[in-house]
Amino acid sequence: MRIDIVTIFPEFFSVLDVSLLGKARQQKLLDVTVHDLRDFTHDRHRTVDDTPYGGGAGMVMKPEPWGEALDAVLGGTPDGTVMVVPSPAGRPFTQKEARELAFAPRLVFTCGRYEGIDQRVIDHAATRPGVEVREISLGDYVLNGGEVAAMAMIEAVGRLVPGVVGNPESLTEESHEDGLLEYPSYTKPSVWRELEVPAILLSGNHGAIDSWRHDQQLERTRRVRPDLLPDDPA
Ligand SMILES: N#Cc1c(-c2ccc3ccn(Cc4ccc(CN5CCCCC5)cc4)c3c2)n[nH]c1N
């Protein structure tokens, strides 16, 4: 999978050189390129923002640099490219969407700042052949820009790309994969500060362990996220 990121803070994504995603890049499972939006400006101050039409607080990101950046990045776009626009006005990001995006041949993340990107940039991108535009929100709270959201989405999607995670089985037993929160996990020692590991986990009875773990998922989901249960009697 190819991932392009356009941002005014390219150094923000240096974390992609390390950890699991860094290894995936070395293994050519992920091809990640970060582009500095200011490289697509032509004035001395490398200006990317201006005052909003209609008034209001803050600044809006100018369309011209974005247009040139996306011309450069989206040129020669294979069909199925998804341009992800992190936005507080976007659709909430979910594990289901992460799974969908993991199958896209190419993702382009457009990281806005200030009060956002001139809407015409998003509207124009949607007319580009082979490009699907998705405005996605990380959650119902306000960030200062799109980079944190893009990083979270890249990690959530990148780890689902075949070969990135060593044991793909571990991907199926995670919160939200089966619509439930995950069961609690334990490791050695069996007693720690007088706290014992649940005896069932030491029994070697894997049928009983699986059943206990599913019960734990249901209990935790009912307690913490009843909204995830289709018709929880509550
Ligand atoms: N994903 C995600 C996000 C973001 C996110 C994503 C991308 C950008 C680009 C800039 N910002 C900052 C910002 C802050 C407030 C507002 C609202 N204003 C209301 C009055 C009229 C003007 C707009 C817009 C933009 C961003 C925030 N926040 N929270 C998420 N889950």
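Residues numbered from 1 in each chain as written. Predicted model: local features only at pLDDT ≥ 70, side-chain atom pairs only at ≥ 80, totals over all residues. Heavy atoms only, no water.

- An unreviewed UniProt entry annotates the protein chain as tRNA (guanine-N(1)-)-methyltransferase of Frondihabitans sucicola.
- Checking UniProt for the protein chain, the heading Subunit (unreviewed entry) contains the comment "Homodimer."
- Under Function (unreviewed entry), UniProt gives the following word-for-word description of the protein chain: "Specifically methylates guanosine-37 in various tRNAs." (UniProt positions renumbered as here; feature names shortened; annotations may be inferred.)

**Some remarks on the pairing of strand E1 (residues 2-7)**
Stage number 1. By the criterion of burial, E1 is predominantly enclosed, with five of the six residues buried.
Stage number 2. Both E1 and strand E2 (residues 31-36) contribute to a ladder of six bridges, which runs parallel. The partner of Arg2 across the bridge, within E2, is Asp31.
Stage number 3. Handedness of the crossover joining E1 and E2 through helix H1 (residues 19-26) is recorded here as right-handed. (Buried < 20%, exposed > 50% of the residue type's maximum accessible area, 1.4 Å probe, protein only. Helix = DSSP H or I, 4+ residues; strand = E, 2+ residues; numbered from the N terminus. Pairing = 2+ DSSP bridges. Right-handed = clockwise from strand over helix to strand, strands pointing away.)

**Thoughts on the nonpolar core**
Stage number 1. Ranked by size, the top nonpolar core spans 32 residues in total, and within it Ile3, Ile5, Leu107 and Phe109 carry the most contacts.
Stage number 2. When residues of this core are assigned to their parent elements, the largest contribution, seven residues, is made by helix H5 (residues 147-158).
Stage number 3. Residues within four places of Leu107 in sequence aside, it is in contact with Met1, Arg2, Ile3, Asp4, Val82, Leu101 and Val157.
Stage number 4. Listed in part, the 19 residues of the second largest apolar core include Phe40, Leu70, Val73 and Val108. (Core = buried A, V, L, I, M, F, W, Y, C linked by side-chain atoms within 4.5 Å. Contact = heavy atoms within 4.5 Å.)

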